[in-house]
Amino acid sequence: MQGLLPYLINGVSVGGQYALIAIGYTLVYGILRLINFAHGDVFMVAGLIMVYSSATMPIYLSIPLVLVLTVILGFTIERAAYKPLRTAPRMSVMISAIGVSYLIQNLAFYFTGGLPQPVTNPIPWISDNVTLFGESTKRVTLVTPFLTVALVFALVYLINNTKIGMGMRAVSKDFETAQLMGIRINSVISMTFVIGSFLAAVGAMLYFTNYPSVAITSGGMPGLKAFVAAVFGGIGSIPGAVVGAFLIGISEELIKGLGYSTFSDAFTFALLIVVLCVKPTGLFGEKVTDKV
Amino acid sequence: MKKTNRETIITAAVLLVVLIGAFALDAALPSYHIAIKVVKKACVYSLVAVSMNLLNGFTGLFSLGQAGFMLLGAYSYAVLCIPVAKRAGVYQYFDGGLVQFSLPEIFSGVLGGTVGPVVGMLCALLVGGLIAALCAYLIGLPVLRLKSDYLAIATLGFAEILRAFFQWNALGPLTNGSNLLKNYPDLGGAAAYVILVGLFIAVILLLVNSTYGRAFMAIRDDEVAAEAMGINLAHHKRLAFIISSFFAGIGGGMLAMYMGTVQALSFKSAMTYEILLIVVMGGIGSITGSVLTSFLYIASLEWLLRGLDSGTFLGISSPIFKNGFRMAIVSVIIMVVVLFFRKGIMGDRELPDLFRKKAKKEEVSGNE
């Protein structure tokens, strides 16, 4: 058991980072019924921006810059690639999302020259080494779960108690009726992407602190896993996404700890298929019946 | 829709010209020439794109598992075709591997040195396809009950599981773990690829035009209505999934053949995305579109747009033409097509439709 403890701690931390990405998926799915395949790549771009900005400017400038640029990116993707297809079949929007993902990866390849960008200047305080239960780890591992939970509470407050939050809830219940009730659909949807990208940017800063470099494909896996977490927890549900992400993060690291690293990715997808077949609505999802 | 003689003749003529062109390429150019490579790779992509179109375009099942099935086909082909003498070198970490025979060699023992290897390679391709089809049957049991985006993500997950599985060291004697498989034979030049892929696509075309094909399209247009008309949904969906995977498996085998080496690592979900985007660009539901776009896409990426990466394109030199620029350009074009030309190059038209006389075309569109 002693040997598994560091993996458990790591799992909680990775789970927190997945949770921050998963919320982006679950919010967008709740409102647009769209799997935003580009979200993982937004996460990767946030990592790249962090690498570039932290190398050239002080920390109190680089962190806000990462957040702002990522939010702008998310907003632009929605306006450019999803808004024109609002009346199109769902599959067209999904294809557009895949296209955006492809585009972002290729642009990132062009700008980075295809080389993984080393994280030379990680964010100072959280990348320090600390000792926990006799195990050495980076401080980010400890900070992540708390930061995640705090952000989730802030988000839940936003959704339950503000006007825009009410709009989001209304749009996710019934797109067309909400429009008839005078809710400005486009600004609500943009807000969703802004929140999702903001959280992905925070997640990226935490995630890549633990990694030596950011490659253009770095976003794919965490993105897909966060999506699985969102499905596992019941897509459209924020608490579900968070719980699902922590469970996936922990089990993945434990599988690594038991010596089956090859299967830590496969486990996540096996879980996905099992969940989809046994309980497609996930842990906390609402049951939706299809009308003819 | 009855085709007139004129369209049939022109279509046949176009196909004949393509075939003669392939033979001419083989005769005129050395086998390592870029034009031949482009034709070979584009053929492989055509087959895979058409197989994906059968599922996504004709049956309306949005599956993203294509890379997984290609992986199965590629590995089957490679494992069955590496010459026995070279196995020790390829499987150097696994004592020469588990499989100690090679289909091309077995068949050349029976049928002689010229026909035998070809038969053996074709058999290996078919075995790959069958394995992919079997896997599709098994995975289809639970997964095909899901709808639209859930189906997409489940098949995507399945492909990722397969990829992890093939890299597992315990399977090393069979799959060589995460190391390369290599040294297996290639079928031949551009003409061989064109003929083989042409045959497979012809089979798919016959299928699409059969009662099964019409049932698939009915399912795509309206599941509930199709069921009410007496189409067995589960049966037809499974059939489409299995057939599509069969051809994806064969396509994977041919990709292995073309590339010369196989590694599980390269069958990422990005490969599926690439093929999906080819299908979308060509027009969802048009086999001709998928084939045309495959050729356009591969030719521009591998050959025509090379200059965008290496500094000089169409005689213009610019510092922005550096590594990765052509992919960026191509993906921008793809996004433009996806957003503004949603029907793709061909819409749902096929090759003979292009040669129909103007007046008739209007009549057809008037009927729709």
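Below is a summary of the structure that appears in this document.

Scoring rules and cut-offs
Residues numbered from 1 in each chain as written. Chains lettered and ligands numbered in written order. Predicted model: local features only at pLDDT ≥ 70, side-chain atom pairs only at ≥ 80, totals over all residues. Heavy atoms only, no water. Core = buried A, V, L, I, M, F, W, Y, C linked by side-chain atoms within 4.5 Å. Buried < 20%, exposed > 50% of the residue type's maximum accessible area, 1.4 Å probe, protein only. Helix = DSSP H or I, 4+ residues; strand = E, 2+ residues; numbered from the N terminus. Contact = heavy atoms within 4.5 Å. 1 Å grid on protein atoms, 1.4 Å probe; cavity = no way out; pocket = protein on both sides within 12 Å on 5 of 7 lines; lining within 4 Å. Points joined across faces, edges and corners; volume = space filled by probe spheres on them. Nonpolar A, V, L, I, M, F, W, Y, C, P; charged D, E, K, R; others polar. Buried area = accessible area lost by both parts, 1.4 Å probe. Salt bridge = Lys/Arg side-chain N within 4 Å of Asp/Glu carboxyl O. Polar contact = N/O pair within 3.5 Å; in protein donor to acceptor, adjacent residues only side chain to side chain. Axes fitted to C-alpha atoms, helices over the stretch in contact; angles between N-to-C directions. Parallel < 35°, antiparallel > 145°, perpendicular 65-115°, else oblique. Left-handed = near helix turned anticlockwise from the far one by under 90°.

## A few points about the nonpolar core
Part 1 of the argument: The biggest cluster of nonpolar side chains holds 199 residues, and the ones touching the most others in it are Phe37 of chain A together with Leu64 and Met254 of chain B.
Part 2 of the argument: A total of 15 residues in this core trace back to one element, the largest contributor, which is helix α2 (residues 34-58) of chain B.
Part 3 of the argument: Not counting chain neighbours up to four residues away, the residues in contact with Met254 of chain B comprise Val44, Leu47, Leu125, Tyr193, Leu196 and Val197 of chain B.
Part 4 of the argument: Ala215, Ile219, Ala226 and Ile231 of chain B belong to the second-largest nonpolar core, a separate cluster that totals 5 residues.

## Let's talk about empty space enclosed by the protein
Residues and elements named next belong to chain A.
Part 1 of the argument: Per the counting criterion, the structure on display carries 1 cavity of 30 Å³ or more.
Part 2 of the argument: Of the volumes computed, that of the largest cavity is approximately 50 Å³.
Part 3 of the argument: Where the lining of the largest cavity is concerned, the elements lending two or more residues are α2 (39-56), α3 (59-82) and α8 (185-209).
Part 4 of the argument: Considering each element in turn, the lining of the largest cavity owes the most residues, 3 residues, to α8.
Part 5 of the argument: Class assignment of the residues belonging to the lining of the largest cavity gives a composition of 5 nonpolar, 5 polar and no charged.

## Focus on the interface of chain B and chain A
Part 1 of the argument: Each partner contributes to the interface: chain B provides 46 residues, whereas chain A provides 43 residues.
Part 2 of the argument: Together chain B and chain A conceal approximately 3800 Å² of surface at their shared face, both sides included; 78% is due to carbon and sulfur atoms.
Part 3 of the argument: The largest share of the area that chain B buries against chain A comes from Asp149, Tyr150 and Ile153 of chain B, three residues that together contribute 16% of it.
Part 4 of the argument: At the junction of chain B and chain A, the tally comes to 0 salt bridges.
Part 5 of the argument: Inspection of the chain B/chain A interface yields 2 residue pairs in polar contact (both at pLDDT 80 or more).
Part 6 of the argument: Secondary-structure elements contributing two or more residues to the side of chain B that touches chain A are α6 (115-143), α7 (148-166), α13 (269-282) and α16 (325-340) of chain B.
Part 7 of the argument: When the residues that make up the side of chain B that touches chain A are grouped by side-chain class, the tally is 32 nonpolar, 6 polar and 8 charged.

## Digging into unusual backbone geometry
Part 1 of the argument: Even without being glycine, Arg33 of chain A reaches a positive phi, approximately 55 degrees.
Part 2 of the argument: Considering the arrangement of structural elements, one finds Arg33 of chain A in the loop between α1 (5-32) and α2.
Part 3 of the argument: For Arg33 of chain A, a relative accessible area of 34% translates into the label partly exposed.
Part 4 of the argument: At Asn183 of chain B, a residue that is not glycine, the phi angle is positive and equals roughly 70 degrees.
Part 5 of the argument: Take Asn183 of chain B: it is sitting in the loop between β1 (181-182) and α9 (190-208).
Part 6 of the argument: Given the relative accessible area of 37%, Asn183 of chain B is considered partly exposed.

## Things to note about the packing of α2 of chain A against α8 of chain A
Residue and element names in this part refer to chain A.
Part 1 of the argument: Their axes nearest at 8 Å, the elements α2 and α8 cross at an angle of 55 degrees. By the angle between their directions, the pair α2 and α8 is classed as oblique. Here the hand of the crossing between α2 and α8 comes out right-handed. Contacts between α2 and α8 pair His39, Val42, Phe43, Ala46, Gly47 and Met50 from the former with Gly196, Ser197, Ala200, Ala201, Gly203, Ala204, Met205, Tyr207 and Phe208 from the latter.
Part 2 of the argument: A breakdown of the residues in the contact of α2 with α8 according to their chemical character gives 10 nonpolar, 5 polar and no charged.

## Side note on the pattern of salt bridges
Part 1 of the argument: Scanning the model with the defined rule gives 9 salt bridges over all chains in all.
Part 2 of the argument: Across the pair Lys225 of chain A and Glu252 of chain A runs a salt bridge, and its minimum N-O distance is 3.3 Å. A residue pair is termed long-range when its members are at least 10 positions apart, and Lys225 of chain A in helix α9 (residues 220-233) and Glu252 of chain A in helix α10 (residues 238-257) qualify at 27 residues.
Part 3 of the argument: Among the residues examined, Lys225 of chain A registers a relative accessible area of 5% and is labelled buried.
Part 4 of the argument: Between Lys237 of chain B and Glu223 of chain B there is a salt bridge; the shortest N-O distance is 3.0 Å. A residue pair is termed long-range when its members are at least 10 positions apart, and Lys237 of chain B in helix α12 (residues 233-259) and Glu223 of chain B in helix α11 (residues 223-228) qualify at 14 residues.

Nothing here speaks to function; it is geometry throughout.
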